[in-house]
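# Remarks on the overall topology
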Amino acid sequence: MTWTAALVVALVIIAVLAGALWRQRHYQERLKAQLKAATADLEQLQNACSRLAPAGVVQRLVADGIALDDAPGAERKVVTAMFVDLVGFTAMTERLEPALLVRVLNGYYQRVSDAIEEHRGQVGSFVGDGIVAYFGAIQPNPWQCDDAVRAALAMRAAIRAYNGELEREGLPPLAIGVGIDRGPGLAGLMGSRARREYAFIGRAVNLAARLQGLTRIHQVDILVTEALRAELDAGFVLVPMPAEPVKGFAEPIVTYAVRGRSEPHQDRGQ
Amino acid sequence: MASALEHVSWETCLIEPRSDRALEAYARRKVGVPFLSLRYFASVPWLARAVVDLHPELGLLMHLDQSVADLLTLVVSQENSCRFCYAVMRMLLRAQGMSDARIERMEQHLSRAGDLPPRTAAAIAFGRSQSRVGPGAARDARRALRHAGFSDDEMKEIGFVVASTDFLNRIHTIPAIPSRPVERMPDRLHMRLLGPLLNYIVQKHRFRGRATPLERAPLYPYARLVRAYAGSPIAPALGQAIEEMWASPVLSRRSKLLMLAVIARGLGCEVCALEIGEALQREGLDASALAQILTHLDAPELDDTERLLVRFARETIWYEPAVLQRRARALSARLTGPQLVEAAGVASLANGLCRLGAMVLEHA
């Protein structure tokens, strides 16, 4: 009788312990699943943030655990700024259905962004159909001028290829205007408490935007300033344009149209 | 459990592993266990040896606390997004008996420097600044290290730990050495059982460095850097790796110098650029051609291989692993296997040396 009772007690204790263990395991697995889901959410959030600011900036903020309010201030840097815009966009908005227009625009944004990132630039922001990009803003880049012009030439080729696709669908072709300048300014996360974006503030951005406007006057697609030309590889074929007055600048601005690379440089695989 | 870097995109490996018994035996003697990545570098012996010999924990540190060095290695590997190196570090921590939860807590501590002792926090900040900003931030970072109470000798060893980690991270990242098997290893049953033994063997092979005379004055570029470590075991280890790199016939000496010059330029390390520039002039490249190459990564004086290597070298300075690996894959179509391995080795070592140069030579 005593043995039977002891066995029953032992079995009960084992059952209770097994139950507790099972519950503990179940609890741990639930916590693990929650942690996994939270990690996935955070990764998704980080990916989403990477679309709003250059990936390098987002990664640093995440890696350092920095709250946006405490993010480091802007740094003084020499940066190459690029402004890209669609020529004839307003007319296109009147001709195309909104859904179709968005699809065509997204194709344009993607191709231009790819060309910028392929040449180590960062897309700063989308302004309507315009794109602002920086070269040498996040990491030091002594080759930023060559990179920017190569990116512009890659955009020209990419838009030409895209136009072939649009034409097959019976859609109007796209044309871009690109302005590029280089100069000192402040680069970093800027904005209000509620909304910030990675930006570069300096004369070069304003002038790049104005140059983009001048592409219509000169009937070319890529224009660079004298300051940028001075830093460029001699292998780029540049054509001087007549000096033009530009809003916000006292003197008329001398610009150069970029035709491409000279043949020996193309042979060298550039 | 997933490591902090498992979300980092990682391409398939670009190079074929090759068995070399002599090299594997050499590594096993030094480390105590099979060296997981060595077979990938066997076609370029100097690189395979350097990957083993430049590990700080194998008798190269005399002054810096080993635990600070280990944390620096972990932080810089995380900063450089090297999945392979980070996975190896995690595997060793697991073998030491650390649970996943404890490793994660440690990673969180590392990302919040405020929770760490001031000396450790300063060392970690230095490692981060070298990975993110490079030599441009060296002066401020040195000042912070001194303020935290590190001696000159400790600071030089911190510089070396960061530089060797930069080298090891890049040499495993550029050819995309497979990381998945290492990431999974701690969860394997046999590893759980053998973990304590692995830890015992690895710890037994770690040792503190002893004063080692630099037997002969080096003559090759970066000789000043080696001389700056005279008396430390780092000097002969670094000297041998650099000397063997110059002597290797896989890529021309001029190609290697050009790669180093581009990386020195990209990182803004003036002391390194000066020494390499002088060496290139001795190789017959005049100053104007060198200026053209360094300003535009191209010149008529370059042959086809040099042109490829010069452009590739710049990709290794700041990078996203998958982008760098795709560019290395494009390069692999134009080079032989050993050439690709040596190019990756030269670029990796140059990135470490230029960061070290800014720390040690400007300091000297």
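So, here's what we can say about the structure.

## Comments concerning the nonpolar core
- Core analysis: the biggest nonpolar cluster contains 124 residues, and F41, L47, L54, F150, Y222 and I276 of chain B have the highest contact counts within it.
- Among the elements that line this core, the one with the most residues is helix α18 (residues 337–360) of chain B, at 14 residues.
- The contacts of L47 of chain B, once residues within four sequence positions are left out, are F41, F167, I171, V341 and G345 of chain B.
- Counting residues in each nonpolar core, the second largest holds 40 residues, with L86, L96, L171 and V224 of chain A among its members.

## Re the packing of helix α6 (residues 118–132) of chain B against helix α7 (residues 138–147) of chain B
Residue and element names in this part refer to chain B.
- With their axes 9 Å apart at the nearest point, α6 and α7 run at an angle of 170° to one another. Judged by the angle between their axes, α6 and α7 are roughly antiparallel. Between α6, through A122, A123, F126, S129 and Q130, and α7, the contact on the second element is made entirely by A138, A141, A144 and L145.
- Each residue belonging to the contact of α6 with α7 can be placed in one class, and the counts come to 7 nonpolar, 2 polar and no charged.

## Re the environment of A235 of chain B
Residue and element names in this part refer to chain B.
- Of note, A235 is situated in helix α12 (residues 234–247).
- When its relative accessible area of 0% is taken as the criterion, A235 is described as buried.
- Through-space distance from the C-alpha of A235 to that of A299 is 35 Å; in sequence the pair is 64 residues apart.
- Each residue touching A235, except ones within four places of it in the same chain, is listed here: L214, V226, Y229 and A230.

## Things to note about the pattern of salt bridges
- The tally for this structure, following the rule as stated, stands at 34 salt bridges over all chains.
- Here R182 of chain A makes a salt bridge to E231 of chain A, at a shortest N to O gap of 3.9 Å. With R182 of chain A in strand β4 (residues 176–191) and E231 of chain A in the loop between α7 (226–229) and β7 (236–244), this residue pair connects regions lying 49 residues apart in the sequence.
- Here the salt bridges share partners, and the residues they tie into one network are E118, R120 and D147 of chain A together with R314, E315 and R327 of chain B.

Conventions we followed
Residues numbered from 1 in each chain as written. Chains lettered and ligands numbered in written order. Predicted model: local features only at pLDDT ≥ 70, side-chain atom pairs only at ≥ 80, totals over all residues. Heavy atoms only, no water. Core = buried A, V, L, I, M, F, W, Y, C linked by side-chain atoms within 4.5 Å. Buried < 20%, exposed > 50% of the residue type's maximum accessible area, 1.4 Å probe, protein only. Helix = DSSP H or I, 4+ residues; strand = E, 2+ residues; numbered from the N terminus. Contact = heavy atoms within 4.5 Å. Axes fitted to C-alpha atoms, helices over the stretch in contact; angles between N-to-C directions. Parallel < 35°, antiparallel > 145°, perpendicular 65-115°, else oblique. Nonpolar A, V, L, I, M, F, W, Y, C, P; charged D, E, K, R; others polar. Salt bridge = Lys/Arg side-chain N within 4 Å of Asp/Glu carboxyl O.

Everything listed here is a matter of geometry and, on its own, says nothing about what the molecule does.
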